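Single-letter residue listing:
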Amino acid sequence: MRVLGIETSCDETAAAVVDGRRGLLSNVVSSQLHLHRKYRGIVPELASRAHLQKIAGVIETACDEAGGGALDAVAYTQGPGLMGPLLVGKVAAQTLARILGVPLVGVNHLEGHIFATELTQELHFPLVALIVSGGHTDLVLSRGPGRYRVLGRTRDDAAGEAFDKVARMLGLGYPGGPVIDRRAASGDPRAVEFPRPYMPDTWDFSFAGLKTAVLYHLQRRGGKKLSESEIDDICASFQDAIVDTLVQKTLAAAANFSVKDVALGGGVAANSRLREVLAARGVERGLRVVMPPRSLCTDNGAMIAQVAVHRLKRGRLSNILRSDPSLSFQNWGA
Ligand code: KG4
Ligand code: ZN
């Protein structure tokens, strides 16, 4: 079974071909970062237009790199995401599926982030998944492909959004995650004591207070210019506060629901400290912790195709394929 996966929910125009038996055959990602950087965030209209310009070429390259061959289905990101960008992917997928006479599969982007791991290693169910990206911070209990229960999510900023906003406060540019990750490596995580928003009575997260704590810390310095090593220290301290919170809650959920497997996904899953701490503390508790390679953490078409492979195996194709910017986690399993 060969599936073309198309992802256009945000600022990456991406397409990939996944074979149900042989795995990932090609993975093409065209990033629009250069377009949005000067606005320090994504401009939806610019994103839609860039997707339109790139989509055909990206799909063609993905098919060529996979060595040609017939496709058995075309999958695309149905939501959540930005409406304009989502529509570009949907129209491309729908057109191709109709021309080829193959099924069209609409996939939930967040489900895709969970299944990115499966392109390089097995997922064992039941599992607790932590999906951390620029738009989402979701803790999900899954009993198998298509069977999800969202335990908690962020009440304000997503983890990636907090990285991006703190980087902006520090004048480090956009996107903030990768640069804070890099700067934190030379900083002291105990230099500044930022709060850990554990919120023990809920599986929800909240990062707005932590972001404000960074702002107050900067204000207390009365506008004095920060040295490079002070910036490194703030990055390391802030990153540790986020990582501790994410890891603590994820492992608590695994214990609470008697689950032995934990999966990580989403753009923030590329964070070195998060990967290191989750793996180490997970192993200490006898858990199997899996995560995608860094290249498959951020948005890509391969994760969308991988979810579609499961859907096709089970004949779970939805009839209503409306793009939905706030598509919720949908169960489609038995
Ligand atoms: O999953 P993704 O590519 O797009 C969304 O679906 O949002 O995630 C993008 C987010 C951005 O907020 C970016 O700053 C963050 O992932 N990110 C990171 C790292 N690499 C990307 N955050 C922390 N550390 C990183 N190394
Ligand atoms: Zn994403």
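Structure shown above.
Conventions adopted
All residue numbers refer to positions counted from 1 along the written sequence of the respective chain. Labels follow written order: the first chain is A, the first ligand is 1, and so on. With pLDDT at 70 or above as the cut-off, local features in this predicted model cover only qualifying residues; side-chain atom pairs require 80 or more to be listed or tallied, and sums for whole chains, interfaces and linings still use all residues. Neither water nor hydrogens contribute to the side-chain values; these are computed over all heavy atoms in the structure. By salt bridge we mean one thing: a side-chain nitrogen of Lys or Arg within 4 Å of a carboxyl oxygen of Asp or Glu. Think of it this way: any DSSP run of H or I at least four residues long counts as a helix, any run of E at least two long counts as a strand, and we number them from the N terminus. Relative accessibility thresholds used throughout: buried, under 20% of the residue-type maximum; exposed, over 50%; partly exposed, between the two (1.4 Å probe, protein chains only). What we call a nonpolar core is a set of buried Ala, Val, Leu, Ile, Met, Phe, Trp, Tyr and Cys residues that are connected through their side-chain atoms within 4.5 Å. Between two residues, a contact is recorded if the distance between any of their heavy atoms is within 4.5 Å.

K.L.:
What's the story with the pattern of salt bridges in this structure? I'm lost.
P.N.:
For side chains of opposite charge, pairing can occur when their charged atoms come near one another. Enumeration over the complete set of coordinates arrives at 15 salt bridges. When the shortest N-O distance is used, the salt bridge between Asp-19 and Arg-2 registers 3.9 Å. Taken together, the residues Asp-19 in strand 2 (residues 12-19) and Arg-2 in strand 1 (residues 2-7) connect sequence positions 17 residues apart. Of the two residues, Asp-19 and Arg-2, neither departs from the other in class, the shared state being buried. Salt-bridge contacts for Arg-273 lead to Glu-276; the nearest nitrogen and oxygen are separated by 2.8 Å. Taken together, the residues Arg-273 and Glu-276, both in helix 9 (residues 272-284) and three residues apart, mark about one turn of the helix.

K.L.:
Honestly, the nonpolar core in this entry has me stumped. Any pointers?
P.N.:
Generally speaking, nonpolar side chains in soluble globular proteins are found buried as a group. Membership of the largest hydrophobic core comes to 52 residues, with the highest contact counts inside it found for Phe-194, Phe-238 and Leu-246. Contributing elements (two or more residues each) for this core: strand 6 (127-132), strand 7 (137-144), helix 5 (159-169), helix 6 (176-184), helix 7 (208-220), helix 8 (228-256), strand 9 (261-265) and helix 9. Ranked by residues supplied to this core, first place goes to helix 8 with 13 residues. What Phe-194 contacts, discounting residues up to four positions off in sequence, is Leu-210, Ala-213, Val-214, His-217, Ile-234, Ser-237, Phe-238 and Ala-241. Ala-73, Ala-116, Val-140 and Ala-302 belong to the second largest nonpolar core, which has 31 residues in total.

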